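# Observations on the model geometry
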Amino acid sequence: MLQAVIVDDEIKALQSLTWELTNFSDEIKVVASFTNPHDALNYLEKHTPDCLFLDIEMPTMDGFQFIKKLTNKNFPVVITTAYNQYALKAIKSEALDYLLKPIDTDDLEETITKIKKFNNKNFSMEKLEMALLNFNSKASHNRITLNTDGKLLFLESDEILYAESDGNYSTIFLSDGQKIVLTKKLKEVNEILPDDSFFRIHNSYIVNLNKIKEFLKTDGYVILKSNHKIPVSRQKKSDFLDML
């Protein structure tokens, strides 16, 4: 069953759409409805419905502002409004569909069909991604999968020189000069990399042990084969020497 959320500042319009959806089919259920868009945003930060029906004309925040503030966008948005001049803007905002009030039953049926197709496609993509991740993790200990920029990137561990922290982001430096930015903290990156060949020598750095050319014990630095100079923290020095 499809789980729907409705946001509309007019209580009568909200109740009307809830009634239409509830009576339209046993395949869709309204799990939450809001007249206050701020409350809706808080809800959608923690929940992912199968679809969102969103009014445009709201006094404190219009529908397009609402879409921009959404942090979780893993569901289709259907614009509902009494005004037809918003159709083009709705498309540009990546809304799945656009329904004019009062909502016609045939139009609603077409929208539900679109929602099903959207969710089925996403579900298939999620299954494919999981299959690739699982296959890759079993295929080789030296093969690493990175999820970045809407794609899965498959690397051999020998391609990686080191990883550097940048707050909530991390950058992976490759031997061919490429840089890969990930929306992961270094701690999360450390969990992905095989621990027999990578070591976190500093709060801000993870190095490929096979790429180390020199260790300057007095200065507390390693020199990689690429001539990158990476600091070794005092707290990590003893464990690092054990690894070597």
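Provided above is the structure to which this section pertains.
Everything numeric here is computed off the predicted structure, so don't read it as measured data. (Residues numbered from 1 in each chain as written. Predicted model: local features only at pLDDT ≥ 70, side-chain atom pairs only at ≥ 80, totals over all residues. Heavy atoms only, no water.)

Once that is clear, we can look at the overall build of the protein. A tally of regular secondary structure across the protein gives 7 helices and 15 strands. Here the protein, with 244 residues, has 40% of them falling under the buried criterion. Of the contacts made within the protein by residues no fewer than 6 positions apart, 48% connect residues no fewer than 24 positions apart. Carbon and sulfur atoms form 46% of the exposed surface of the protein, whose accessible area is close to 14600 Å². (Helix = DSSP H or I, 4+ residues; strand = E, 2+ residues; numbered from the N terminus. Buried < 20%, exposed > 50% of the residue type's maximum accessible area, 1.4 Å probe, protein only. Contact = heavy atoms within 4.5 Å. Areas by Shrake-Rupley, 256 points an atom, 1.4 Å probe, with all protein chains shown as cover.)

Taken across its 5 residues, strand 3 (residues 51–55) has 5 buried, putting it largely inside the fold. With burial as the criterion, each face of strand 3 is covered, one bearing Cys51, Phe53 and Asp55 and the other bearing Leu52 and Leu54. Alignment of strand 1 (residues 2–7) against strand 3, held across 4 bridges, turns out to be parallel. For Ile6, the partnering residue across the bridge sits in strand 3 and is Phe53. (Pairing = 2+ DSSP bridges.)

Moving on, we come to a negative patch on the surface. On the surface, Asp104, Asp106, Asp107, Glu109 and Glu110 cluster together into a patch of negative charge. Within the secondary structure layout, Asp107 lies in helix 5 (residues 105–139). Judged by relative accessible area, which is 37%, Asp107 ranks as partly exposed. (Patch = residues over 30% accessible without salt bridge, like charges linked within 9 Å, V, L, I, M, F, W, Y side chains within 5 Å. Salt bridge = Lys/Arg side-chain N within 4 Å of Asp/Glu carboxyl O. Lys, Arg positive; Asp, Glu negative; His and termini not counted. Charge placed at Lys NZ, Arg CZ, Asp CG, Glu CD.)

Counting 21 residues, the largest nonpolar core has Val7, Leu52, Leu54, Phe66 and Ile79 as its most contacted members. Looking at this core, the elements that each hand over two or more residues are strand 1, strand 2 (28–34), helix 2 (37–46), strand 3, helix 3 (63–69) and strand 4 (77–81). (Core = buried A, V, L, I, M, F, W, Y, C linked by side-chain atoms within 4.5 Å.)

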